[in-house]
Amino acid sequence: MSANLSAILYLISGVLFILALRGLSSPETSRQGNLFGIIGMVIAISVTFLSVGNFTTGFIYVLIFLAIGGGIGALIAYRIPMTAMPELVAGFHSLVGLAAVFVAISAFVNPQAFNLGTPGNIKLASLIEMSIGAAVGAITFSGSVIAFLKLQGIMSGAPITFKGQHLINAIILISIIVLTFYLCSTQSSKLFWILITVSFLIGFLIIIPIGGADMPVVISMLNSYSGWAAAGIGFTLENTALIITGALVGSSGAILSYIMCKGMNRSFFNVILGGFGGTEQSSVSKNKEQRPVKSGNADDAAFLMKNASSVIIVPGYGMAVAQAQHALREMVDTLKKNDIKVSYAIHPVAGRMPGHMNVLLAEANVPYDEVFELEEINNDFANADVAFVIGANDVTNPVAKTDPQSPIYGMPVLDVEKCKSVLFVKRSLSPGYAGIDNDLFYKENTLMLFADAKKMTEDITKNL
Amino acid sequence: MEIDPFIFRLSIFILSIFIGYYVVWSVTPSLHTPLMSVTNAISSVIIVGAIIAALSSNGDLVFSTSTIYGFLAIILAAINIFGGFLVTQRMLAMYKKKKKDK
């Protein structure tokens with residue numbers, strides 16, 4: 001296949017990937033978009049086979065390995081529960097990162113195959129691109145592995161910090177740049193391996209100080225990195241499909257990180273430097289006094305809801321942990337039978353990844369036009385009778401609007417307290433991840449329901 | 001003077017960043033999780049490099065240092081491609097509109 005023809009076909013597959021993302025602008029067009037993505041991938045892979053034109057024993061092995069990987073991937077895709085989506089995405093990011101590292105190594109060891117020169121005499125530009133691809137890929141890999149372990153609960157979600165952490169990170173980052181520079185002037189394979197090792201290390205060090213609830217930012221950031229790694233390799237291989245895709249994914253991840261940071265009113269650097277809540281937490285807990293709370297049971301909650309004409313549900317990470325989304329939907333069905341208007345309010349950082357709550361509600365067959373974003377629904381709380389907070393905490397804390405001393409001051413929150421009454425499902429009075437007390441617990445119109453989210457929801461349904 | 005082909009690739013790259021920027025801002029927030037899984041799947045187009053690497057052997061030798069890395073990368077990328085697209089499909093199939101007949 002001529003080089004020009006394959007370049008055009010790669011371009012087409014790049015365009016199909018753009019359309020795949022474009023489709024996600026609405027749920028109706030999204031499935032078609034996904035199909036475009038699949039077609040784009042099939043084109044890219046077929047063109048590669050045809051332009052390499054090597055259909056010998058190696059080709060059979062390629063197909064075998066493709067089938068092995070594909071089989072594993074398909075199996076995971078069908079068996080993974082929707083609540084585990086953040087872990088899955090983190091895991092997938094790590095694979096993209098590692099694949100980028102492997103391709104870079106292969107290109108470094110055997111540059112002739114990629115038309116990049118000969119070992120020890122690789123074109124300068126290619127070497128720089130290769131190093132960037134390998135370094136970013138390695139960072140993506142080790143960072144995603146840590147994110148995965150934290151999300152799975154294998155590793156504690158608490159931030160791990162130590163003295164001089166930022167200094168060490170800064171030194172390593174500078175050393176990566178220096179190493180790349182020397183690698184380019186000496187072409188030494190030893191330096192190449194050191195570069196990769198150091199990049200693995202920095203990925204690990206960057207993610208360990210970031211706490212569990214900052215994971216939405218981390219996952220989006222790693223998403224972005226995996227894109228830049230792919231773009232770096234794309235430049236090395238002079239492949240338009242890879243360059244376009246890398247740029248798309250890179251900017252997509254960057255935008256998502258930005259949205260998540262804005263949802264927490266924190267700067268990107270504040271999140272990345274990590275250790276949130278460390279110092280502020282102690283000062284807040286000192287002046288914590290015992291305040292009275294009203295607590296109730298499923299019967300009380302059912303009574304309040306039965307007499308309401310509109311209910312707004314505020315789900316959070318706790319709903320995902322308790323797997324309460326199906327029980328919640330059953331409760332809502334019963335409410336609707338009693339002619340009560342129900343809608344859902346989603347905070348941008350609810351859950352552990354962007355859009356986490358929406359997927360869980362969709363899984364429980366909640367129609368997506370009953371689910372609203374913060375800005376769309378925030379004014380409705382004042383007119384609603386009952387707010388049902390299930391598994392959310394910090395995103396409802398009125399302190400963010402009233403107390404400039406609070407670490408979450410300025411964060412956009414759902415105006416839950418404006419409802420006539422608030423039902424707050426929670427296991428205990430313990431503060432949320434930010435380590436601050438939620439004023440909402442002590443409000444006159446709040447009824448605390450101390451129980452497991454799923455069990456409480458089921459009990460309420462029985463009492464309705 | 002001739003323009004280095006690198007500049008053309010750079011142009012494609014920069015323009016694609018802008019396309020990505022505008023396209024992703026128009027993605028509805030409720031689909032942000034599928035967005036992440038589908039970007040995951042498409043960034044695995046890196047498999048193109050893996051295939052070239054795996055088929056780079058000259059002569060009868062199928063497995064050499066560089067091809068082994070290629071084969072490993074193929075497995076990883078293939079997990080992502082199939083896993084990413086299928087899980088996205090599975091998620092998107094769940095997004096339903098309210099039935100009108102209520």
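Residues numbered from 1 in each chain as written. Chains lettered and ligands numbered in written order. Predicted model: local features only at pLDDT ≥ 70, side-chain atom pairs only at ≥ 80, totals over all residues. Heavy atoms only, no water.

Enquirer: Give me the lowdown on the interface of chain A and chain B, citing residues and values where you can.
Expert: Size of an interface: often given as the accessible area lost when the parts come together. If you look at the interface, chain A gives 103 residues, while chain B gives 77 residues. Both faces considered, chain A and chain B share a buried interface measuring about 8,300 Å² in area, 78% of it formed by carbon and sulfur atoms. Taken together, the connections running from chain A to chain B amount to one salt bridge. A:E238 is paired through a salt bridge with B:R9; the nearest N and O atoms lie 3.4 Å apart. Across the contact surface, chain A and chain B share 20 residue pairs in polar contact (both at pLDDT 80 or more). When residues of the side of chain A that touches chain B are traced back to their parent elements, those giving at least two are α1 (3–23), α2 (27–52), α3 (57–79), α4 (85–109), α8 (215–237), α9 (240–263) and α15 (356–363) of chain A. For the side of chain A that touches chain B, the element with the highest residue contribution is α3(A), accounting for 16 residues. In terms of residue class, the side of chain A that touches chain B is built from 65 nonpolar, 27 polar and eleven charged. (Contact = heavy atoms within 4.5 Å. Buried area = accessible area lost by both parts, 1.4 Å probe. Salt bridge = Lys/Arg side-chain N within 4 Å of Asp/Glu carboxyl O. Polar contact = N/O pair within 3.5 Å; in protein donor to acceptor, adjacent residues only side chain to side chain. Helix = DSSP H or I, 4+ residues; strand = E, 2+ residues; numbered from the N terminus. Nonpolar A, V, L, I, M, F, W, Y, C, P; charged D, E, K, R; others polar.)

Enquirer: An account of a nonpolar patch on the surface is needed here, citing residue identities and associated values.
Expert: Taken together, the side chains of A:I60, A:Y61, A:I64, A:I68, A:I72, B:F63, B:I68 and B:L72 make up a nonpolar region of the molecular surface, amounting to roughly 650 Å² of accessible area. By residue number, the principal contributor to the nonpolar patch is α3(A), which donates five residues. A residue is classified by how much of its surface remains accessible, and A:I64, at 41% relative accessible area, is partly exposed. (Patch = residues over 30% accessible without salt bridge, like charges linked within 9 Å, V, L, I, M, F, W, Y side chains within 5 Å. Areas by Shrake-Rupley, 256 points an atom, 1.4 Å probe, with all protein chains shown as cover. Buried < 20%, exposed > 50% of the residue type's maximum accessible area, 1.4 Å probe, protein only.)

Enquirer: Break down the nonpolar core for me, citing the residues and quoting the values.
Expert: Residues A:I313, A:F381, A:F388, A:I460, B:I47 and B:I74 are the most contacted members of the largest nonpolar core, which totals 188 residues. Considering every element that reaches this core, the biggest residue donor is α4(A), with 16 residues. Leaving out residues up to four positions away in the same chain, A:I460 has contacts with A:A298, A:A301, A:A302, A:M305, A:M331, A:F388 and A:L449. Counting five residues, the second largest nonpolar core, distinct from the first, contains A:A231, A:F235, A:I243 and A:A247. (Core = buried A, V, L, I, M, F, W, Y, C linked by side-chain atoms within 4.5 Å.)

Enquirer: Please provide a residue-by-residue account of the packing of aromatic side chains, values included.
Expert: Tallied over the entire structure, the rule returns 20 aromatic pairs over all chains. For the pair A:F102 and B:Y69, a centre-to-centre distance of 5.4 Å together with 50° between the ring planes defines the contact as tilted. Of the two residues, A:F102 is situated in helix α4 and B:Y69 in helix α4 (residues 65–92); the pairing between them involves two chains. Across this residue pair, the class does not change: A:F102 and B:Y69 are buried. (Phe/Tyr/Trp six-rings, centres within 6.5 Å; stacked < 30°, edge-to-face > 60°.)

Spatial relationships are all this shows, so hold off on functional conclusions.
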